[in-house]
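Close look at the chain arrangement
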Amino acid sequence: MEKVKNDQQWWKKSIVYQIYPRSFYDSNGDGIGDLQGIIQKLDYLKELGVDVIWLSPIYDSPNDDNGYDIRDYYQIMKEFGTMEDLDHLLDAAHQRGLKIIMDLVVNHTSDEHSWFVESKKGLDNPYRDYYVWKPGRNGKEPNNWGSIFSGPAWNYDENTNEYYLHLFSKKQPDLNWENPALRNEIYTMMKFWLDKGIDGFRMDVINFISKVPSLPDGEVKEGAIYGDGGPYFVNGPKIHKYLREMNEKVLSQYDILTVGEMPGASTADAVMYTKPQNKEINMIFTFEHMGLDSGPTEKWDLKPLNLVHLKKNLTKWQTELHGTGWNSLYWNNHDQPRVVSRFGDDQEYRVESAKMFATCLHMMQGTPYIYQGEEIGMTNVEFESIEQYQDVETLNMFREKHSLGVPTEDIMKSIYVKGRDNARTPMQWSEQVHSGFTKGTPWIEVNPRYKEINAEAALEDKESIFYHYKHLIALRKKLDVITTGDFNLLFEDHPKIFAYERRSENEKVVVLCNFSRDEIVIDNNEILSVITTGKLIVHNYKEVKAESSITLRAFETLVYYVK
Ligand code: NOJ
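Here's what I pulled together on the structure shown here. (Residues numbered from 1 in each chain as written. Predicted model: local features only at pLDDT ≥ 70, side-chain atom pairs only at ≥ 80, totals over all residues. Heavy atoms only, no water.)

**Points about the site of the ligand**
Among the 13 residues in the neighbourhood of the ligand, the closest are listed as D65, H108, D204, H334 and D335. In this structure, an oxygen atom belonging to the ligand sits 2.9 Å away from a side-chain N or O atom of H108. At a separation of 2.5 Å, an oxygen atom of the ligand approaches a polar side-chain atom of D335. Coverage of the ligand by the protein chains reaches 97% of its 290 Å² of free accessible surface. Split into classes, the residues belonging to the shell around the ligand amount to three nonpolar, three polar and seven charged. (Near = heavy atom within 4 Å. Polar contact = N/O pair within 3.5 Å; in protein donor to acceptor, adjacent residues only side chain to side chain. Areas by Shrake-Rupley, 256 points an atom, 1.4 Å probe, with all protein chains shown as cover. Nonpolar A, V, L, I, M, F, W, Y, C, P; charged D, E, K, R; others polar.)

This is how it looks when you write it as structure tokens:
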């Protein structure tokens, strides 16, 4: 394979759209989205103007965690279609100038993967060391770590009288990256997909792959049942070695986009991972801004967002990576609740707040990610009964809290605010039955608001959230300062306004966002002079009044450009 020079860095100018295939579009009526369904919607994505599509896992899987538990890295999940369908999708996307990146889930596999089936057979099986096995301690788990999906992080195997590690569900055993044979298998598999023509990888919890080999007990934090193993596997001791090896053996040989999902990575870590000289990956997903509305022990512990904290955090990521590393920008994905419900107003000001959040993010430096449905302002869902939920994390948590006597009402409240199924209800295409997602019975119920919120309606309304996103995407293509400029936060301590400027030698963009329902008067002289000399390039209210002072209405956003 000829080495392609990666000096243009097209991914710095790109906008990525994430598809969760199971919930995107069902072409054959089995209630589950599929690859043919994605092909049918490519023109919709082209209309939006995105450059890259990230597909959440489409590999063969028993779906304990909707494809994040891979049984066979070389097969397509039957419900999604065939390898031929994928080839068609790649062709159809490339013909339209759209790139496709795939999810790379290599911290763990499914327990039904043939490597694990072999690994379980005996201590001397050649695949034993593909996974992390340990004898018990005093008849119990080898250490006190909790799984991210509730319960202990270890599962006992009777056959060999040992435990295997699973940071996620017990059907997701962790791979042992200490083993060079395993690493080489992964690299071979990555090349298989890249040689097929995919344009990169989104790497699932990739900063968890290196564990401290002695696997010490973790601290049991207040209110927690298990120990926190994080310090022994997040950004672990050999992570940079593994990523550099992966880069040398695979990534460097292709002109691709690589993004690492990295909970627990600081800005300093992010620079290490993404600085081009280090030859690791292009960009990471930070989690810091997603944790600001949680208490200290877990995400289910609800806490209101403090805007000053959010501004401080995003500013840190903007300034500390500027000129050194590269960042991804996101409010939403398949694990996060819908931003308009989470931090905005999904009732009276749904449209205004969705547009404001989009603007606030899309004017920053980094590669923006749009999660399916975000571009039409899809909202969280409140199902009445736990039976209607599908997500393994949510269901495990419900069971655990229920057994501890937490009232159902309280558990449901956190699910409504933080549950992952908020993001996973089917894409709302039209006001047809099941939101036009399927002609069959959807695998998870549709959000009842589909009659009011759907893509068909959005496409017909020039003032819709969809066209606002389209406009922001076009601006990024047009104005270099959005990609390259520096970042300067304004009104640092203001509890309701998020305002900043992006500056390059000859250009400046000033972004004003009201994160509240209150009207706020801005009478700062510098801003007023920008308003009078600059050009208004983004707004989310039909009529804009800006003269000697400016009043930002509920969730109003204004962006001015000065040359
Ligand atoms: C992160 C993924 O985004 C999430 O959906 C998944 O459950 C875990 N990693 C485990 O693969």
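**Let's talk about the side chain of N332**
Among the secondary structure elements, N332 is positioned in the loop between β12 (328-329) and α9 (339-342). At 2.8 Å, the side chain of N332 forms a polar contact with the backbone oxygen of P337. Of note is the side chain of N332, whose polar atom sits 3.4 Å from the backbone nitrogen of V339. Sequence-distant contacts of N332, that is, excluding residues within four places in its chain, are made with P337, R338, V339, Y371 and E374. (Helix = DSSP H or I, 4+ residues; strand = E, 2+ residues; numbered from the N terminus. Contact = heavy atoms within 4.5 Å.)

**Side note on the sheet that holds strand β14 (residues 486-490)**
Taken in spatial order, the five strands of this open sheet run β14-β15-β16-β20-β18, and their pairing is antiparallel. Taken across any chain shown, the strands that pair with only one partner, and hence form the sheet edges, are β14 and β18 (535-539). Pairs of neighbouring strands in the sheet enclose a mean axial angle of 20°, with direction left out of account. Note: strand β16 (residues 508-514) against strand β20 (residues 557-562), six bridges, orientation antiparallel. Considered in β20, the bridge of L512 is made with L558. (Pairing = 2+ DSSP bridges. Axes fitted to C-alpha atoms, helices over the stretch in contact; angles between N-to-C directions.)

**Description of the packing of aromatic side chains**
This model, assessed by the stated rule, comprises 38 aromatic pairs. Ring geometry for W54 and Y369: centres 6.2 Å apart, planes at 80°, overall edge-to-face. You can see W54 sitting in strand β2 (residues 52-55) and its partner Y369 sitting in strand β13 (residues 367-371), a full 315 residues away along the chain. Given the relative accessible area of 2%, W54 is considered buried. Take Y369: its relative accessible area is 2%, and that puts it in the buried class. On the numbers, 5.3 Å between centres and 70° between planes, the contact of W115 with Y130 is edge-to-face. On the criterion of sequence distance, the pair formed by W115 in helix α4 (residues 114-119) and Y130 in the loop between α4 and β6 (133-134) is long-range, its members being 15 residues apart. Here the two residues W115 and Y130 agree in accessibility, since each one is buried. The ring of W133 carries R128 above its face, with NZ or CZ at 3.7 Å from the centroid. (Phe/Tyr/Trp six-rings, centres within 6.5 Å; stacked < 30°, edge-to-face > 60°. Buried < 20%, exposed > 50% of the residue type's maximum accessible area, 1.4 Å probe, protein only. Lys NZ or Arg CZ within 6 Å of the ring centre and 35° of its normal.)

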